Amino acid sequence: MVLWTRLTGDSLGPRETVRWEVAADEKFQRIVARGEEVAEAAWAHSVHAEPLGLEPGRWYWYRFSALGEQSQVGRTRTAPAADAKASLRFVVASCQRYDVGHYAAWTHAAAENPDFVLFVGDYIYESASGTNAIRRHEGKVAKTLAEYRARYVTYKSDPLLQAAHRAAPWLLIWDDHEVANDYANLQSQDLDPDFAARRAAAYQAYWEHMPFPKSARPRGPDMRIVSRLDWGALARVHLVDDRQYRDVQACPKPGRGGSNTIPLAECPGLVDPKRSLLGFEQERWLAEGWDLARPWNLLGQQSLMTRFAWGDPAAGAAVYWNDAWDGYAASRNRLLGVVAERKVPGVVVLGGDVHANYVADLKPDFDDPRSPVVASEFCGTSITSLSLAQSRVDAARGFNPHVRFGRSDQRGYLSIDLDAKQMNVRLQTVDRPLDPASGITTTARFVVEAERAGPHDA
Ligand code: FE
Ligand code: CA
């Protein structure tokens, strides 16, 4: 557990003491842990307190005090003990571009009383705002530490997002926009020779503003966000990083890095087994850490894993987007091959990045019609970020029979209820993305049985 806050103000010293308290009740009558942290100017006066000795499987309340002020109260919880029979409700969210929408989705996500929020990337966007922005990113494209910090200040000023953080613990991974659009490892799409310094600044600001432990504090351009969490005897959650360790994209546009959409015939690199999206070390970490005892293995990752052909494969014209798993098909086949071979139970892949809801069957070999369904995928739509036209998704659906649902025209989050037998998934979408008081609608429901991979209609 990491309790996060940050001091703000003009008269802060280089080191300020912050006290924290954890209580077993909302009114702080029974305080069960307390401590002090030093908030340093060098780390944006952020606080990352790590209380120990709490009981498993229950809610707690926490607050901070410093400089004669007291914070609001946040609520968080511990995971059930490793052998405890447990159920789980959580939400999956991503892509909350501030200047194109409001955060009503967060109000509804918090109201669902989730055990945790799983945020799979694009917490901020580094881009400058266009003239049609509904509220503004200050300044130009973020590149320096000061500019990335300012972007977090803007995002975290939103009261609906603040309330979602106070309501439940968050598990977080980043995607590209916490640094730069479509970056890969130490290469940016504009081939910036100083990209390592930019990544270091972006990772520092990310750590400063997110509830990561002190042990995760970045060193130069490196920060480890890869982790695992066991939820009682019910599920193991695996959180991976597909940005920092990947091979650069195959076949980018001439003179550039970053993404492209290309036919396989023109880009054998898309299926080159020597390339990896996670990096071979992380692939091994994941392969060795699947839980064969618990009924569920939930994989939190950044993007869409299933194969998605844009265009007509029969005409030999299928094109693939090289930035996500389709650009690293061998990496995907290896991952799902291990799942098939070891009969890993209840693998559900959860992602974001593409600003659309996709529900899909996952197979170790999408070219082989006899390849079995070994895992289920729910790629959740964005909180606010815009996507391509629904007509383009509809036109591609016929070429991707393993994709059971695809909607790019709605904003929202996934709400997931899990027990030992079943996963129930609701695709929650806001009625009016530009209205902070918007209502919410369940667009679709799916079920996954623990005993049988593949989502089906509820
Ligand atoms: Fe995004
Ligand atoms: Ca992204």
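Heads up: these notes are all about the structure in this document.

What counts as what
- Residues numbered from 1 in each chain as written.
- Chains lettered and ligands numbered in written order.
- Predicted model: local features only at pLDDT ≥ 70, side-chain atom pairs only at ≥ 80, totals over all residues.
- Heavy atoms only, no water.
- Axes fitted to C-alpha atoms, helices over the stretch in contact; angles between N-to-C directions.
- Helix = DSSP H or I, 4+ residues; strand = E, 2+ residues; numbered from the N terminus.
- Left-handed = near helix turned anticlockwise from the far one by under 90°.
- Contact = heavy atoms within 4.5 Å.
- Nonpolar A, V, L, I, M, F, W, Y, C, P; charged D, E, K, R; others polar.
- Donors = N, O, S within 2.8 Å, 3.2 Å for Na, K, Ca; no water.
- Buried < 20%, exposed > 50% of the residue type's maximum accessible area, 1.4 Å probe, protein only.
- Polar contact = N/O pair within 3.5 Å; in protein donor to acceptor, adjacent residues only side chain to side chain.
- Phe/Tyr/Trp six-rings, centres within 6.5 Å; stacked < 30°, edge-to-face > 60°.
- Lys NZ or Arg CZ within 6 Å of the ring centre and 35° of its normal.

**With respect to the packing of helix H2 (residues 145-156) against helix H4 (residues 195-209)**
Inference 1: Running from N to C, H2 and H4 point in directions that differ by 35°, and their axes come no closer than 8 Å. Of the two elements, H2 crosses H4, and the hand of that crossing is right-handed. Across the interface between the two elements, Leu 145, Tyr 148, Arg 149, Tyr 152 and Lys 156 from H2 touch Arg 198, Ala 201, Ala 202, Gln 204, Ala 205, Tyr 206, Glu 208 and His 209 from H4.
Inference 2: Among the residues forming the contact of H2 with H4, the class breakdown is seven nonpolar, two polar and four charged.

**What to know about the coordination of the iron ion (ligand 1)**
Inference 1: Binding of the iron ion (ligand 1) to the protein goes through Cys 95 (SG), Asp 122 (OD), Tyr 125 (OH) and His 355 (NE2), at separations of 2.0 to 2.4 Å.
Inference 2: Read in sequence order, the donor residues for the iron ion (ligand 1) give the motif C-x26-D-x2-Y-x229-H.

**Things to note about the coordination of the calcium ion (ligand 2)**
Inference 1: Ligation of the calcium ion (ligand 2) by protein atoms is provided by Asp 122 (OD), Asp 175 (OD), Asp 176 (OD) and Asp 353 (OD), these donors lying 2.2 to 2.7 Å from the ion.
Inference 2: One chain supplies every donor for the calcium ion (ligand 2), spaced along it as D-x52-D-D-x176-D.
Inference 3: Between the two metal centres, the calcium ion (ligand 2) and the iron ion (ligand 1), the spacing is 3.7 Å, with Asp 122 acting as a shared donor. Of the two residues, Asp 176 sits in the loop between strand E10 (170-172) and H4 while Asp 353 sits in the loop between strand E16 (347-351) and strand E17 (357-362), which places them 177 residues apart along the sequence. You'll find Asp 176 and Asp 353 in the same group, each marked buried.

**Topic: the side chain of Ser 382**
Inference 1: Here Ser 382 shows up in the loop between strand E18 (375-379) and helix H7 (390-397).
Inference 2: Within the local environment of Ser 382, its side chain forms a polar contact with the backbone oxygen of Ser 385, the two atoms lying 2.6 Å apart.
Inference 3: At 2.7 Å, the side chain of Ser 382 and the side chain of Arg 411 are in polar contact.
Inference 4: Those residues within four positions of Ser 382 in sequence are excluded, and the remaining contacts are Ser 94, Cys 95, His 355, Ala 356, Arg 411 and Gly 412.

**Digging into the packing of aromatic side chains**
Inference 1: Under the definition given, this model contains 20 aromatic pairs.
Inference 2: Residues Tyr 183 and Phe 195 carry aromatic rings whose centres are separated by 5.5 Å and whose planes lie at 50° to one another, so their mutual orientation is tilted. With Tyr 183 in the loop between E10 and H4 and Phe 195 in helix H4, this pair connects stretches of sequence that are 12 residues apart.
Inference 3: Taking the relative accessible area as the measure of exposure, Phe 195 reaches 1% and is therefore buried.
Inference 4: Following the ring pairs from residue to residue traces out a cluster consisting of Trp 106, Phe 119, Tyr 123, Tyr 152 and Trp 170.
Inference 5: Between the NZ or CZ atom of Arg 63 and the centre of the ring of Phe 28, over which it lies, the distance is 3.8 Å.
Inference 6: Taking NZ or CZ as reference, Arg 75 lies 3.5 Å from the ring centre of Trp 59, over its face.

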